[in-house]
Amino acid sequence: MLPPLKFDFLRVPADPSPRYPKRRSVLIPALSIRLFNKDDQNLFQPIKALIDSGAGFSIFPVEVARLIGLTLEDDRIEELQGINGVKFKGYLQDFILEVGGWKFNSFGFFTQANIVVPVLGREGFFSLFEVRLNLSKESIELKAVVDHLKS
Amino acid sequence: MSKERKADLSTLLRPYENKWIALTLDNSKVVAAAKTLSDLLRKLKGKDAREFEFMKVPDFKACYAPAAKI
């Protein structure tokens, strides 16, 4: 098994609010990942995605699937629902997920819906890693619970 | 994946609220931005998308649930 993979939280802009009048930025648990086509690893795309334990699955925009040559089949469409209750459709597809330079078999949904942000959810991400978000150290630690792919 | 990425994008991303952006892999520069990912890909036409990291910049006023610390 791999040693734990360590990353920093990502600091992004934020505006002041009544609760946080001096706020100019916020830390979010986002990771730089790459999605690969399982059949042709020359086809890949780097993208930032938010770690979201509230999401049942990982969800990405459909354009990424097209960029890496994934075939989106009608018999793999499922209905999904966002936190606001809005339902949308997604294509389930397998891919290789690269995190911290290590590759893993994974899967997730690709959708044409206008998603707020790509997310790494429970199935396909939390199923691969023990995830530790340490706010005091502003660090993210991933401990693989499955074998990574050999190159 | 060899270059070290910046972890503080709070200044770099300030002009791009709610936009899809293409970042250099070291996250030092935004090379293109658009309202949708489709529009962003049109702006990158002729370039190799694998040389950029895509990101959806969050809304600066709303707090998405997993956002964790001020």
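Scroll up a little and you will see the structure.
Residues numbered from 1 in each chain as written. Chains lettered and ligands numbered in written order. Predicted model: local features only at pLDDT ≥ 70, side-chain atom pairs only at ≥ 80, totals over all residues. Heavy atoms only, no water.

Caption draft 1: Expanded view of the overall build of chain B. Check the secondary structure of chain B and you find one helix and three strands. Ordering the α and β elements of chain B from the N terminus gives β-β-α-β. Across the 70 residues in chain B, those meeting the buried criterion constitute 37%. Of the contacts formed within chain B by residues at least 6 apart in sequence, a portion of 41% connects residues at least 24 apart. Summed over all atoms, the accessible surface of chain B reaches about 3,900 Å², with 50% contributed by carbon and sulfur. (Helix = DSSP H or I, 4+ residues; strand = E, 2+ residues; numbered from the N terminus. Buried < 20%, exposed > 50% of the residue type's maximum accessible area, 1.4 Å probe, protein only. Contact = heavy atoms within 4.5 Å. Areas by Shrake-Rupley, 256 points an atom, 1.4 Å probe, with all protein chains shown as cover.)

Caption draft 2: Just the packing of aromatic side chains, in detail. Residue and element names in this part refer to chain A. In the structure shown here, the tally under the stated rule is eight aromatic pairs over all chains. The interplanar angle of 85° and the centroid separation of 5.8 Å between the aromatic rings of Phe60 and Phe95 together place this pair among those described as edge-to-face. Placement of the pair is Phe60 in strand 6 (residues 59–61) and Phe95 in strand 8 (residues 87–99), with a sequence separation of 35 residues. Phe95 shares its class with Phe60; the two are buried. Put simply, the rings of Phe104, Phe125, Phe126 and Phe129 pair up and form one aromatic cluster. Arg34 extends its terminal NZ or CZ atom over the ring of Phe44, reaching a point 4.6 Å from the ring centre. A cation over an aromatic ring shows up here: Lys103 above the ring of Phe36, its NZ or CZ 4.2 Å from the ring centre. (Phe/Tyr/Trp six-rings, centres within 6.5 Å; stacked < 30°, edge-to-face > 60°. Lys NZ or Arg CZ within 6 Å of the ring centre and 35° of its normal.)

Caption draft 3: Spotlight on the sheet that holds strand 11 (residues 129–134) of chain A. All names here are of chain A. Read across the sheet, three strands follow the order 1-12-11 without closing on themselves; strand pairing throughout is antiparallel. Strand pairing shows two members of the sheet lacking a second neighbour, strand 1 (5–8) and strand 11, which therefore form its edges. For this sheet, the mean angle separating the axes of adjacent strands, direction not counted, is 20°. Both strand 1 and strand 12 (residues 139–144) contribute to a ladder of four bridges, which runs antiparallel. Looking across to strand 12, one finds that Leu5 is bridged to Leu142. (Pairing = 2+ DSSP bridges. Axes fitted to C-alpha atoms, helices over the stretch in contact; angles between N-to-C directions.)

Caption draft 4: Broad picture of the pattern of salt bridges. Taken as a whole and assessed by the stated rule, the structure comprises eight salt bridges over all chains. Ionic pairing is found between Glu53 of chain B and Lys48 of chain A, a salt bridge with its closest N-O pair at 3.0 Å. Of this pair, Glu53 of chain B sits in strand 3 (residues 52–56) while Lys48 of chain A sits in strand 5 (residues 44–51), which puts the two residues in different chains. Owing to a relative accessible area of 6%, Lys48 of chain A belongs among the buried residues under this scheme. The partner of Asp39 of chain B in a salt bridge is Arg42 of chain B, and the shortest N-O contact between them spans 2.5 Å. One end of the pair is Asp39 of chain B and the other is Arg42 of chain B, both in helix 1 (residues 37–43) and three residues apart, which spans about a single turn. Salt bridges linked by common partners bring Asp15 of chain A together with Arg14, Glu17 and Lys61 of chain B together as one network. (Salt bridge = Lys/Arg side-chain N within 4 Å of Asp/Glu carboxyl O.)

Caption draft 5: Local environment of the interface of chain A and chain B. Contact with chain A, which involves 43 residues of that partner, is made by 32 residues of chain B. When the two sides are added together, the surface that chain A and chain B hide from each other amounts to roughly 3,300 Å², 64% of it contributed by carbon and sulfur. Of the charged contacts in the structure, one is a salt bridge between Asp15 of chain A and Arg14 of chain B, with a shortest N-O distance of 2.7 Å. Taken together, chain A and chain B are joined by 17 residue pairs in polar contact (both at pLDDT 80 or more). Here the side of chain A that touches chain B is built from residues that sort into 25 nonpolar, seven polar and eleven charged. (Buried area = accessible area lost by both parts, 1.4 Å probe. Polar contact = N/O pair within 3.5 Å; in protein donor to acceptor, adjacent residues only side chain to side chain. Nonpolar A, V, L, I, M, F, W, Y, C, P; charged D, E, K, R; others polar.)

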